[in-house]
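Notes for the structure review
For reference, the chains in residue letters:
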Amino acid sequence: MDDTQTSRDEDVSPGCRYEVLKTFRSNLMKFGHLYEDQTAMQGKPTLLNEIYTELYITESESGEISNEHEVRQIETQSRRTATEDTAIKCSDIFRPLPGQDKAIRTVLTKGVAGIGKTVSVQKFILDWAEGKENQDVQLIFPLPFREINLVKDKTLSLSDLLHDFFPETKEMEISNDKYRVLFIFDGLDECRLPLNFKTNETLRDANKKKSIAVLLMNLIVGNLLPSALIWITSRPAAADLIPSECVHRVTEVRGFNEPQKEEYFRKRISDQSLADRIISHLKSSRSLYIMCHIPVFCWISAAVLEKMLSRAESGVIPKTLTQMYTHFLILQTNIKHEKDYEKKVTDEDMILKLGKVPFQQLVKGNLIFYEEDLRECGIDVTEASVYSGLCTQFGLYQKKVFCFVYLSIQEHLAALYAHLSCINHNGNVFEPITKQGLHSNVKDSFRLHSSEQVSLSELHQRAVDEVLQSKNGHLDLFLRFLLGLSVESHQIILQGLMKQTRSRSDSNEKTVEYIKNKIRFIDSPEKSINLFHCLNELGDHSLVEEIQQYLKSGTIKRAKLSSSQRSALVFVVLT
């Protein structure tokens, strides 16, 4: 550091530095607001401290990264016992556990989408800003990757970057060791920077201008500000972007354990008798209750069930994932109608458009979309913003970015897009894009198919094949939704949202037989279990009922089970 920089910092009096630090903490108090239900509450934020429920976080000894679909991981975790894990409080992630003798500079926290990583970050920052925890840290710099992406093409010094994001620090010189600082990089899975640690150039001067990727990599490696603490959060599939030698601790957010699930609903729902009914209903469906490990799924369930159980509602209370998400979609479109939005776009057109984006991005593995991604599918930015309960908008430097509030909402819309494109427009989303074509008008993209009748059962069978060929199960939940949407009772639910020009009552029978035949020859337990969930969505429980009869009669020990019956037995035991 040169003399000019030294004198600049010395010119700042202790009193002035105190005021700057005070202002800095005050500005971070915004993390005390949680917009978990921004549509239902007309944009009024929830106070984080009022609704926050402690999450179950563990220290991962192996640090292994799983590329399996997140629902598979959730279902696996739900069967693990707490004694297999080392629990750790979020506020203690930089503190060695009893018996550990190691300095912890860089922490990588992984967890599936919606499991509570970002809320954990908010709670950590809020507790620090309120003077409750980690007071040995003087400055915390939250730099979410979704916002860093917006400046990814800029050439800046680390000091410039911090001054842009945190203008109040312009009077402070961060490049020396005067302050103990923590950098939080939330959402590594959303990163669009070229992070190549093997070829990265070394940078030690915080005032030297380089690309944002070079700055971040040198900060993480420890060339820049080696005394700074680093906290990175990521979905599991992207966590291996950071070299293991740069990480001193790997933690995993497991979401809610059994008591925490109930605690969340009792905090979220003010009417305790209604909360009891919601909890009871969710417990009656194992597939729903497993998903309650995910805080965002609890939010979706609370939004739907609070409305349906608090007053006389017609129709069946949702018992499957597909039903829950479709009711949530209807809830959001009803809220959209209440807004001052006069553009004449039907719900079906908008959902087809919104569904095309997640289907394409699901294949690419992208969770965030830019304006150009929306325009490619013929979506106006204003149109997307009115569905703010489904996709959220954020941005810096006048550039807007969108993402779905939770991965499963993206998968549900993608499935609805596939279903409607087949039913109403004779389209097959699994046809190559070069054949189907990319058009600004969504309906135009199906005109090539208007002269031929695309069978829904053929679409289902193609989707099943695609799922079975997937190594990490990234289409597992998409398939469950796609099949659930074709059930007659579900089509009745959808009638309030849009018309369906064709009904295929025979298609599901063919699909059921196709899935049962596949189960007979599957070696993978995970794929077999997902297909049983698919049968559950289709309302077929025949294989499971056969096994349950064996279990009740006590003849299972003597019975010679077929391969599909053995798979059904595994499914019954696990669920």
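Residues numbered from 1 in each chain as written. Predicted model: local features only at pLDDT ≥ 70, side-chain atom pairs only at ≥ 80, totals over all residues. Heavy atoms only, no water.

Per the secondary structure count, the protein chain includes 25 helices and 14 strands. The contacts in the protein chain between residues at least 6 apart in sequence include a share of 75% that link residues at least 24 apart. For the protein chain, the exposed area adds up to about 25,200 Å²; of that, 48% sits on carbon and sulfur atoms. (Helix = DSSP H or I, 4+ residues; strand = E, 2+ residues; numbered from the N terminus. Contact = heavy atoms within 4.5 Å. Areas by Shrake-Rupley, 256 points an atom, 1.4 Å probe, with all protein chains shown as cover.)

Going through the model one piece at a time under the given rule, you end up with 21 salt bridges. Residue Asp276 pairs with Arg266 through a salt bridge whose shortest N-O separation is 2.4 Å. Here Arg266 lies in helix 9 (residues 258–268) and Asp276 lies in helix 10 (residues 272–283), a separation of 10 residues in the sequence. A relative accessible area of 31% means that Arg266 is categorised as partly exposed. Among the charged side chains, a salt-bridge network with shared partners connects Glu262, Arg266, Asp276 and Lys283. (Salt bridge = Lys/Arg side-chain N within 4 Å of Asp/Glu carboxyl O. Buried < 20%, exposed > 50% of the residue type's maximum accessible area, 1.4 Å probe, protein only.)

With that out of the way, let us pick up the environment of Asp205. Within the secondary structure, Asp205 is located in the loop between strand 8 (181–185) and strand 9 (210–211). Overall, the relative accessible area of 39% leaves Asp205 in the partly exposed class.

Side chains on a regular strand alternate between the two faces of the sheet. Taking burial as the measure, the five residues of strand 11 (residues 249–253) include five buried ones, the bulk of the element. Side-chain alternation along strand 11 places Arg249, Thr251 and Val253 on one buried face and Val250 and Glu252 on a second face that is also buried. Two strands pair when backbone bridges link them, and strand 5 (residues 106–110) and strand 11 are joined in this way by four bridges, in the parallel orientation. Paired with Lys110 across the bridge in strand 11 is Glu252. (Pairing = 2+ DSSP bridges.)

The subject of this paragraph is the sheet that holds strand 5. Taken in spatial order, the seven strands of this open sheet run 4-3-11-5-10-8-6, and their pairing is mixed. Each of the sheet's edge strands pairs with one partner strand only, and the pair in question is strand 4 (86–87) and strand 6 (139–142). The pairing of strand 6 with strand 8 spans four bridges and is parallel. Across the sheet, Ile140 pairs through a bridge with Leu182, a residue of strand 8.

The subject of this paragraph is the packing of aromatic side chains. Following the criterion strictly, the structure yields 18 aromatic pairs and no others. A centroid spacing of 5.9 Å and a plane angle of 50 degrees characterise the contact between Phe359 and Phe478, whose relative ring orientation is tilted. With Phe359 in helix 14 (residues 347–364) and Phe478 in helix 20 (residues 476–484), the pair connects residues that are 119 residues apart, well separated along the chain. Taking the relative accessible area as the measure of exposure, Phe478 reaches 1% and is therefore buried. Every member of this aromatic cluster is reached through a ring pair, and the members are Phe24, Trp128, Phe141, Phe145, Phe165, Phe166, Phe183 and Phe185. In this arrangement the basic side chain of Arg25 is found over the ring face of Trp128, its NZ or CZ atom lying 4.1 Å from the centre. (Phe/Tyr/Trp six-rings, centres within 6.5 Å; stacked < 30°, edge-to-face > 60°. Lys NZ or Arg CZ within 6 Å of the ring centre and 35° of its normal.)

So, about helix 7 (residues 158–165). Every α-helical turn comprises 3.6 residues, leaving residues that sit three or four positions apart pointing alike. The element helix 7 is extensively covered by neighbouring structure, given that six of its eight residues are classed as buried. Every buried residue belonging to helix 7 is among Leu158, Ser159, Leu161, Leu162, His163 and Phe165, and all of these are buried.

Time to look at the confidence of the model for the protein chain. Interpretation of the predicted coordinates at a detailed level should be avoided for regions scoring low in pLDDT. Mean pLDDT for the protein chain: 78, with 74% of residues reaching 70 or above. The element-level mean pLDDT for the protein chain is lowest in helix 18 (residues 433–436), coming to 39, with strand 8 highest at 96. Per-residue pLDDT stays below 50 along residues 1–12; that stretch engages in 16 contacts with residues further than four places along the chain or on separate chains. For residues 433–450, every residue scores under 50 in pLDDT, and the model assigns this stretch 38 contacts once sequence neighbours within four places are set aside. (pLDDT = per-residue confidence, 0-100.)

Now for the nonpolar core. Formed by 169 residues in total, the largest nonpolar core has its most connected members in Phe183, Phe185, Trp231, Tyr325, Tyr406 and Phe478. With residues up to four places along the chain from it excluded, the contact list for Phe478 reads Phe359, Leu362, Glu411, Ala414, Ala415, Ala418 and Phe430. (Core = buried A, V, L, I, M, F, W, Y, C linked by side-chain atoms within 4.5 Å.)

On to the side chain of Ser91. Along the chain, Ser91 falls in the loop between strand 4 and strand 5. The residues contacting Ser91, other than those within four sequence positions of it, are Phe124, Glu133 and Asn134.

A few words now on the packing of helix 19 (residues 456–469) against helix 20. Taken N-terminus to C-terminus, the directions of helix 19 and helix 20 make an angle of 165 degrees; their axes are 10 Å apart at the nearest point. Classified by the angle between their axes, helix 19 and helix 20 sit roughly antiparallel to one another. When you trace helix 19 past helix 20, the crossing you get is left-handed. In this structure, helix 19 uses Leu459, His460, Ala463, Val464 and Val467 to contact helix 20, whose residues at the interface are Asp476, Leu479, Leu482 and Leu483. A per-class count over the contact of helix 19 with helix 20 returns seven nonpolar, one polar and one charged. (Axes fitted to C-alpha atoms, helices over the stretch in contact; angles between N-to-C directions. Parallel < 35°, antiparallel > 145°, perpendicular 65-115°, else oblique. Left-handed = near helix turned anticlockwise from the far one by under 90°. Nonpolar A, V, L, I, M, F, W, Y, C, P; charged D, E, K, R; others polar.)

Relative to each other, helix 9 and helix 10 sit at 145 degrees, their axes nearing to 9 Å. For the pair helix 9 and helix 10, the crossing hand works out as right-handed. From helix 9, Glu262, Phe265 and Arg266 reach across to helix 10, where they touch Gln272, Ala275, Asp276, Ile278, Ile279, Leu282 and Lys283. Class assignment for the residues of the contact of helix 9 with helix 10 results in five nonpolar, one polar and four charged.

This part takes up the environment of Ala237. Mapped onto the elements, Ala237 comes out in the loop between strand 10 (229–234) and strand 11. The partly exposed category is assigned to Ala237, whose relative accessible area is 44%. In the structure, Ala237 is positioned 126 residues away from Gly111 in sequence and 9.4 Å away in space, judged by C-alpha atoms.

Turning our attention to the pairing of strand 5. Judged by how many residues are buried, strand 5 sits mostly within the fold: five of five residues are covered. In this sheet, strand 10 lies alongside strand 5 in parallel orientation, the contact comprising five bridges. By the bridge assignment, Val107 is partnered in strand 10 with Trp231.

Here the focus is helix 5 (residues 117–129). The terminal C-alpha atoms of helix 5, which comprises 13 residues, lie 18 Å apart, in line with the 18 Å expected from a rise of 1.5 Å per residue. Where burial is concerned, most of helix 5 is hidden: 11 out of the 13 residues are buried. For helix 5, the full list of buried residues reads Lys117, Ser120, Val121, Gln122, Lys123, Phe124, Ile125, Leu126, Asp127, Trp128 and Ala129. Just downstream of helix 5 lies Gly131, where phi reads positive at about 80 degrees. (Expected span 1.5 Å × (residues − 1).)

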